Amino acid sequence: MNEPFLAERNRVLALLSIYEPLLTDKQREAVDDYYRFDLSLGEISEETGTSRAAVSDAIKKTIAKLEEFESRLALLAKKEAWAKRAKEASLLPGDQQADAYRTLTEDMIHGL
């Protein structure tokens, strides 16, 4: 697999892990089958009884919906920022590390 596809796949899976409850069953299934279970468009179309074009369109629309959720809510961006701060905090010495984790925890509680 090539790097751009893997980067896209990882992003879609990250978005899906956060926003999955906001999708319809059909949207979730199409993206799950393609990105999580690595099924081809043909396999998905056979399974669902729809055309490959319809499956492709459903996947594209679902990804656009996931990106729209992220642009409005930015939950993935916050999650990534918190992970970065946690990693940076883990590199600090004792007292500084505790303070950094305390601040991070408070920011997470308040959604900052």
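Residues numbered from 1 in each chain as written. Predicted model: local features only at pLDDT ≥ 70, side-chain atom pairs only at ≥ 80, totals over all residues. Heavy atoms only, no water.

*Asks:* Just checking my understanding: could you explain the confidence of the model for the protein for this structure?
*Replies:* Caution is warranted with low-pLDDT regions, since their predicted coordinates should not be read in detail. Mean pLDDT over the protein works out to 93, with 98% of the residues at or above the 70 mark. Highest mean pLDDT in the protein belongs to helix α4 (residues 52-73) (97); lowest belongs to helix α6 (residues 94-109) (90). (pLDDT = per-residue confidence, 0-100. Helix = DSSP H or I, 4+ residues; strand = E, 2+ residues; numbered from the N terminus.)

*Asks:* Where do I start with the side chain of Asp33 in this structure?
*Replies:* Note that Asp33 resides in helix α2 (residues 25-36). An unpaired buried charge is present at Asp33: no salt bridge exists, and Arg36, the closest side chain of opposite charge, is 9.2 Å distant. Setting aside residues up to four positions removed in sequence, Asp33 forms contacts with Asp38, Leu39, Ile44 and Glu47. (Buried < 20%, exposed > 50% of the residue type's maximum accessible area, 1.4 Å probe, protein only. Lys, Arg positive; Asp, Glu negative; His and termini not counted. Salt bridge = Lys/Arg side-chain N within 4 Å of Asp/Glu carboxyl O. Contact = heavy atoms within 4.5 Å.)

*Asks:* I'm lost on the packing of aromatic side chains in this one. Help?
*Replies:* Within a pair of aromatic rings, the relevant descriptors are the distance that separates the centres and the angle that separates the planes. The final tally for this structure, using the stated rule, is three aromatic pairs. Ring centres 5.7 Å apart and planes at 40 degrees place the aromatic pair Tyr19 and Phe69 in the tilted group. Taken together, the residues Tyr19 in helix α1 (residues 3-19) and Phe69 in helix α4 connect sequence positions 50 residues apart. Geometrically, the ring pair formed by Tyr34 and Tyr35 is edge-to-face, given 5.0 Å between the ring centres and 85 degrees between the ring planes. Every member of this aromatic cluster is reached through a ring pair, and the members are Phe5, Tyr34 and Tyr35. (Phe/Tyr/Trp six-rings, centres within 6.5 Å; stacked < 30°, edge-to-face > 60°.)

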